[in-house]
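Understanding the architecture of this molecule
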Amino acid sequence: MTLEEIVTKSSGMVFFGGAGVSTESGIPDFRSEDGLYRQKYDVSPEVMLSASYFYAHPEEFFRFYREKMLPLHAKPNAAHKKLADWERAGKLLAVVTQNIDGLHQAAGSKTVYELHGSVHRNYCTKCRVFYSAEEIASGTGVPRCRCGGTIKPDVVLYGEPLDAATVEGAVRAIERADTLIVAGTSLTVYPAAGFIDYFRGDRLVLINRDATPLDGKCTLVVRGKVGEVLGELPSFLS
Ligand code: APR
């Protein structure tokens, strides 16, 4: 079956995505040649994005975070837009994403399970008051709440658990899906990569530029750019 035949035949798809879904919006991924984790730093980005580093070295954390993790200029690309169309057309149940950039919601998607949180939610660690990504981006140094507490981005840092309600929603959607489309992810970070195992449906599709551990288990593997590939498919809106 072609990808177009698969999406036409499906009525309850779920999309599981990673950083490769946002590279066509100008946001580098992590593990490709030009990915964030390939860039040279005194302290490795995986260490700087850990909870222990956040609490031990907040100044350095926020310097890296503002420089590399707040792409507020980025716009949704054809992949984000087509997924929002499919949700509106009643073809897509949910997006499950490892990304924290909020581009799926910016494109109009409503049911989005952000396994690793979002840069658009920031809370005081003391009084839980909410702050926007713009407020964090426009400040300098360690962002402080009016109460004096440190403001922390609502993103899952290495060493932190995933949000239980998000996990439950994502698992339930994947279990109900008739087609699961996995795209733009190296499937190397757990527990996120393990969510694929909850899929019980008929058609497992992978759209990824490079090979992944899932390739051999798919109904269809599309080696390409997910924005271009989804951009060529019907929206099913009319
Ligand atoms: N179209 C399709 N695939 C792409 C594209 C694209 N335009 N751009 C990149 N890719 C592929 C790359 O080939 C790579 O296999 O997307 C994958 C991105 O893999 P990673 O950089 O490892 O990103 P991801 O899988 O999302 O990482 C998971 O790691 O550090 C953590 O929390 C971080 O959520 C992230 C997690």
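Read on for a plain summary of the structure. Sequence order sets the numbering: in each chain, residues are counted from 1 along the sequence as written. Local features in a predicted model are, by the rule used here, given only for residues with pLDDT of at least 70; side-chain atom pairs are given and counted only at 80 or more, and totals for whole chains, interfaces and linings are based on all residues. Side-chain metrics rest on all non-hydrogen atoms present in the structure, leaving aside hydrogens and water.

1. Describing the sheet that holds strand β5 (residues 130-131)
Note on pairing: DSSP must find at least two bridges between two strands before they are called paired. Numbered from the N terminus, helices here are DSSP runs of H or I no shorter than four residues, and strands are runs of E no shorter than two. As summarised here, the arrangement of the 3 strands in space is β5-β4-β6, forming an open sheet in which the pairing is antiparallel. On the outer flanks of this sheet lie β5 and β6 (151-155), each paired with one strand and no other. Summarising the sheet, strand β4 (residues 117-124) and β5 pair through 2 bridges and their orientation is antiparallel. Across the sheet, residue Tyr123 finds its bridge partner in β5, namely Phe130. By the convention used here, residues are in contact when the closest approach between their heavy atoms is within 4.5 Å. Lines fitted to C-alpha atoms define the axes here, with helix axes fitted over just the stretch in contact, and angles between the N-to-C directions of these axes take values from 0 to 180 degrees. In this fold helix α4 (residues 58-68) packs onto β4 and β6, with an angle of close to 50 degrees to the strand it touches most, β6.

2. A look at the site of the ligand
We call a residue near a given molecule or strand whenever any one of its heavy atoms falls within 4 Å of it. With respect to spatial proximity, 23 residues lie near the ligand, and among them Arg31, Tyr37, Tyr158, Ser186 and Asp210 are the closest. Here a polar contact means two N or O atoms within 3.5 Å. Within protein one must be a hydrogen donor candidate and the other an acceptor candidate, and residues neighboring in sequence count only if both atoms are side-chain atoms. Between the ligand and the protein, one listed contact pairs a nitrogen atom with a side-chain N or O atom of Thr23 at 2.9 Å. In this structure, an oxygen atom belonging to the ligand sits 2.7 Å away from a side-chain N or O atom of Arg31. For the shell around the ligand, a count of residues per class yields 6 nonpolar, 11 polar and 6 charged. Nonpolar residues are Ala, Val, Leu, Ile, Met, Phe, Trp, Tyr, Cys and Pro. Charged residues are Asp, Glu, Lys and Arg, and all others, Gly as well, are polar.

3. Focus: the packing of aromatic side chains
Both the distance between ring centres and the angle between the ring planes are used here to describe each pair of aromatic rings. Pairing of aromatic side chains here covers Phe, Tyr and the six-membered ring of Trp, requires ring centres within 6.5 Å, and sorts the geometry by plane angle: under 30 degrees stacked, over 60 edge-to-face, intermediate tilted. Using the criterion set out here, one finds 11 aromatic pairs in the structure. Put simply, the rings of Phe54, Tyr55, Phe61, Phe62 and Tyr65 pair up and form one aromatic cluster. When the NZ atom of lysine or the CZ atom of arginine is within 6 Å of a ring's centre and also within 35 degrees of its normal, the charge is said to sit over that ring. Above the ring of Phe54, the side-chain terminus of Lys152 is found at 5.7 Å from the ring centroid.

4. Thoughts on the sheet that holds strand β3 (residues 112-114)
The 6 strands are arranged β3-β2-β1-β7-β8-β9 in an open sheet whose pairing can be described as parallel. Of all strands in the sheet, those bounded by a partner on one side alone are β3 and β9 (220-222). Neighbour-to-neighbour, the strand axes of the sheet open up by a mean angle of 15 degrees, direction not taken into account. Inspection of the sheet shows strand β1 (residues 13-17) paired to strand β7 (residues 179-183) by 5 bridges, in the parallel sense.

5. Brief notes about the environment of Ile151
With respect to the helices and strands, the residue Ile151 is situated in strand β6. Between the alpha carbons of Ile151 and Phe130 there is a distance of 8.6 Å; along the sequence they are 21 residues apart. If we ignore the near neighbours within four places in the chain, the residues touching Ile151 are Phe54, Phe62, Asn122, Tyr123, Cys124, Tyr131, Ile136, Pro143, Arg144 and Cys145.

6. Quick look at the side chain of Gln98
Along the chain, the position of Gln98 falls in the loop between β2 (92-97) and α6 (103-107). Burial status follows relative accessibility: with a 1.4 Å probe on protein chains alone, a residue under 20% of its type maximum counts as buried, one over 50% as exposed, and anything between as partly exposed. For Gln98, a relative accessible area of 13% corresponds to the buried category. Side-chain polar atoms of Gln98 contact the side chain of Thr185, separated by 2.9 Å. Excluding its chain neighbours within four sequence positions, the residues that come into contact with Gln98 are Phe16, Gly17, Gly18, His116, Thr185, Val189 and Ala192.

7. Examining the side chain of Thr150
By the secondary structure assignment, Thr150 is in the loop between α7 (133-138) and β6. Looking at Thr150, the relative accessible area reads 19%, which means it is buried. Among the polar contacts listed, one links the side chain of Thr150 to the side chain of Arg144, at a separation of 2.4 Å. Leave out the neighbours within four places in its chain, and Thr150 touches Phe54, Tyr123, Cys124, Thr125, Val142, Pro143 and Arg144.

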